[in-house]
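Here's the letter readout for the chains.
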Amino acid sequence: MSITWTRRRLALGRFWGDFRTHRAGVIGLAILLLAVLLAVIAPLFIDAGVTNVVSGTREKLAPPSWADPLGTDESGRSVLLMIWWGSRTSLLIGFLAALLSMVIGTVLGIAAGHFRGWIGAIVMRITDWFLVLPSLVTALVLAAILGGSTVTIIAAIGVTSWPSTARLIRAQTLAVEARPYIERSQALGGGHWHITTRHVLPNVAPLLLASTTLEVASAIVTESTLAFLGVSANKTSWGTMLRGSYDWGAATSGAWWYILVPGLCIVIVVMAFTLCGRALETVLNPRLRRAV
């Protein structure tokens, strides 16, 4: 056991040493850690009632000032506090929707790569069918049918964004199962569960980790788009703030801060996830590491 933990610590040390050489990835990771930390500690400094329309006591659509560094919205609420509180919803939906997508994609991808014949064919035809569907439109329809709640938005995004992950994991599973030690494991009596969990899953996990960071960024953008189109979780998020700025004509009234700030938050966080994901992909993929 001590030898195993020593090897894991050494592997983690090598991984961090390689990751630190990618400055863009480190910057992205720092931004993500800051965003998550601010979202976690938000209830310690902000009351949930800050999102209530009756809580706004200041001038409506007031420009940035010392009292309100990011201005106010159509109800006189502080945009800064709304952005801070809304980060909880945007990040929560992004993380959980990406997690659901990764779970579905990983299970079906490994199943399609491990079980050959009609099982793998059926799984891939289902994957191809979901792949050709417009994911945003499908998520919009599902969210509208199931109703606007955090759970339904997460389910709508997760159920429509897994096919690309499934194809990626299937390709990696086929590559892993072509190695000699898989054949030896089968000869020694290793069953399907043993091979997929002890040999395939650990080998696809690094690729899955890099893919997850990119999937979270995509989920945040999808949630913001759904909220802007009117399908929201009935909670304040960066997407609902953009929708509010559109409904109240912030652009025509010159309230640029009401549009710019939520949009910048989405862009910065998505860019941070992308930078971190690309760095992880380079570190964990030997071919890309040699190319660099």
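What you see is a predicted model; the values in this text were computed from it and never measured.

What counts and what doesn't
- Residues numbered from 1 in each chain as written.
- Predicted model: local features only at pLDDT ≥ 70, side-chain atom pairs only at ≥ 80, totals over all residues.
- Heavy atoms only, no water.
- Axes fitted to C-alpha atoms, helices over the stretch in contact; angles between N-to-C directions.
- Helix = DSSP H or I, 4+ residues; strand = E, 2+ residues; numbered from the N terminus.
- Left-handed = near helix turned anticlockwise from the far one by under 90°.
- Contact = heavy atoms within 4.5 Å.
- Nonpolar A, V, L, I, M, F, W, Y, C, P; charged D, E, K, R; others polar.
- Core = buried A, V, L, I, M, F, W, Y, C linked by side-chain atoms within 4.5 Å.
- Buried < 20%, exposed > 50% of the residue type's maximum accessible area, 1.4 Å probe, protein only.
- Polar contact = N/O pair within 3.5 Å; in protein donor to acceptor, adjacent residues only side chain to side chain.
- UniProt positions renumbered as here; feature names shortened; annotations may be inferred.
- Parallel < 35°, antiparallel > 145°, perpendicular 65-115°, else oblique.

**With respect to the packing of helix 3 (residues 79-114) against helix 11 (residues 256-284)**
Alright, step 1. The contact between helix 3 and helix 11 brings their axes to 11 Å, and the two run at 35°. Considering how the two elements wind past one another, helix 3 and helix 11 form a crossing that is right-handed. Residue-level inspection shows V79, I83, L91 and F95 of helix 3 in contact with helix 11, the latter providing W257, Y258, V261, P262, C265, V269 and F273.
Alright, step 2. For the contact of helix 3 with helix 11, the class distribution of residues is 11 nonpolar, no polar and no charged.

**Section: the environment of P163**
Alright, step 1. Relative to the helices and strands, P163 resides in helix 7 (residues 163-177).
Alright, step 2. Remark: the alpha-carbon pair of P163 and S135, spanning 28 residues in sequence, is separated by 10.0 Å.
Alright, step 3. Among residues more than four places away in sequence, those in contact with P163 are T127, F130 and L131.

**Focus: unusual backbone geometry**
Alright, step 1. Phi is positive for L61, which is not a glycine, with a value near 50°.
Alright, step 2. Structurally, the position occupied by L61 is in the loop between helix 2 (23-45) and helix 3.

**Topic: the nonpolar core**
Alright, step 1. With 31 residues, the main nonpolar core has V79, I83, I220, Y258, V269 and F273 as its most contacted residues.
Alright, step 2. At the level of secondary structure, the elements contributing two or more residues to this core comprise helix 2, helix 3, helix 9 (192-228), helix 10 (238-247) and helix 11.
Alright, step 3. In contact with Y258, not counting residues within four places along its chain, are L61, D73, E74, V79, M241, G244, S245 and A250.
Alright, step 4. Formed by 11 residues, the second largest nonpolar core is a distinct cluster that contains I153, I154, A219 and V231.

**Here's the deal with the environment of Q172**
Alright, step 1. The topology assignment puts Q172 in helix 7.
Alright, step 2. For Q172, a relative accessible area of 24% translates into the label partly exposed.
Alright, step 3. For Q172 and V200, which are 28 residues apart along the polypeptide, the C-alpha to C-alpha distance reads 8.6 Å.
Alright, step 4. When neighbours within four sequence positions are excluded, Q172 is seen to be in contact with N203, V204 and L207.

**Some remarks on the side chain of E74**
Alright, step 1. If you trace the backbone, E74 turns up in the loop between helix 2 and helix 3.
Alright, step 2. Within polar-contact distance, the side chain of E74 engages the side chain of R77 at 3.5 Å.
Alright, step 3. Separated by 2.7 Å, the side chains of E74 and Y258 make a polar contact.
Alright, step 4. Not counting the four nearest positions on each side in its chain, E74 is found in contact with K60, L61, G244, W248 and Y258.

**Let's talk about the side chain of H114**
Alright, step 1. Following the sequence through the fold, H114 ends up in helix 3.
Alright, step 2. If near-sequence neighbours (up to four positions away) are discounted, H114 is found in contact with T173, E177, H192, I195 and T196.

**What to know about the UniProt feature "transmembrane region" (unreviewed entry) in the protein chain**
Alright, step 1. The UniProt feature table records "transmembrane region" (unreviewed entry) at residues 24-46, 91-117, 129-157 and 255-280.
Alright, step 2. Split by type, residues 91-117 is 89% helix and 0% strand. Its first and last C-alpha atoms lie 40 Å apart.
Alright, step 3. Helix and strand shares over residues 255-280 are 96% and 0% respectively, and the end C-alpha atoms of the span are 39 Å apart.

**Describing the packing of helix 5 (residues 135-146) against helix 9**
Alright, step 1. At a closest axis distance of 11 Å, the pairing of helix 5 and helix 9 adopts a crossing angle of 55°. Here helix 5 is positioned oblique relative to helix 9, judged by the angle of their axes. In the crossing of helix 5 with helix 9, the sense of the turn from one axis to the other is right-handed. For the pair formed by helix 5 and helix 9, the contact residues are L136, A139 and L140 on the first element and T222, T225 and L226 on the second.

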